[in-house]
Amino acid sequence: MPKTPNERTLAALRLRVGCKEIPAGSNNGPCVNEAQERTWLRVPGPGQQGWPWCVAEFQLTVWTVFGKAYPRETAEVCDLAADARSRSLTIPAGAAKPGDWLCLGCDHITCLVSRDAAKGTLVGLGGNQGDAVKESPYPWSRVTSVISTARLATLLEGAGAPVTPPKPKRRPTYQVVRGEGEKARVVFTSPSLDAAASKAAELIRKGATGAKLIKRPPPKP
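The paragraphs below set out a description of the structure included in this document. Predicted model, so just to flag it, every value in this text is computed and none were measured.

1. Some thoughts on the sheet that holds strand S2 (residues 101-104)
Here comes step 1: One open sheet accounts for six strands, arranged S1-S6-S2-S3-S4-S5; its pairing is antiparallel. On the outer flanks of this sheet lie strand S1 (90-91) and strand S5 (134-139), each paired with one strand and no other.
Here comes step 2: Bridge analysis of S2 against strand S6 (residues 143-147) gives four bridges, and the strand direction is antiparallel. Within the sheet, the bridge partner assigned to Cys 103 lies in S6 and is Ser 145.
Here comes step 3: Across the sheet, helix H3 (residues 54-66) is in contact with S2 and strand S3 (108-116); its angle to S3 comes to roughly 75°.

This is how it looks when you write it as structure tokens:
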């Protein structure tokens, strides 16, 4: 019997178990970069500090399972959740089943493996969990949005009733990317902007001198 979209999603993620950051805590490494490439943010180079990649793992999994990219190449949890709501892809938390995606606030996204309602806990499988792709426990109370994998299949495979597309949203200049237990990082969606911002931050840290405040001339009467 053909596997359901939820079963295919969990199977794809299980093939990624063992992927880990190199070095640990760097948000970097070959298999991490593979996921980060599915977003619009700059992929960190060798030896560079990267950015939290749980949404990147979602993006890679969607591409692996459906052969199509998610319509918005975001790397930010709350931006993804908002976009999914606008596409009618979210469902009530109580309706979640294994293989659906759980947003835990703006800090993390993981794929539901199992839930213990009596204990109020869940087991999620995803990226950037302890610097790797693996299963981890979480309190169910942290779930703020659920993205239905069945509805994702309808959107990307065209099965069942069509999903009405929302008005296209502009690609942001930057995103504030958060991770489980990590500080938020501002990452620009254009490599050139990201490089310019990094240089400016470096100059500020070093106490740049001689800079002049450039003021626009007053408007002509």
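On we go from here.
2. Brief notes about unusual backbone geometry
Here comes step 1: With omega at -5°, the peptide bond leading from Ile 22 into Pro 23 counts as cis.
Here comes step 2: Along the chain, Pro 23 turns up in the loop between helix H1 (5-14) and helix H2 (30-36).
Here comes step 3: Backbone geometry places Ser 88, a non-glycine residue, at a positive phi of 60°.
Here comes step 4: Relative to the elements of secondary structure, Ser 88 occurs in the loop between helix H4 (77-86) and S1.
Here comes step 5: Even without being glycine, Asp 131 reaches a positive phi, approximately 65°.
Here comes step 6: Asp 131 sits in the partly exposed class, given a relative accessible area of 26%.

About the criteria used
- Residues numbered from 1 in each chain as written.
- Predicted model: local features only at pLDDT ≥ 70, side-chain atom pairs only at ≥ 80, totals over all residues.
- Heavy atoms only, no water.
- Pairing = 2+ DSSP bridges.
- Helix = DSSP H or I, 4+ residues; strand = E, 2+ residues; numbered from the N terminus.
- Contact = heavy atoms within 4.5 Å.
- Axes fitted to C-alpha atoms, helices over the stretch in contact; angles between N-to-C directions.
- Buried < 20%, exposed > 50% of the residue type's maximum accessible area, 1.4 Å probe, protein only.

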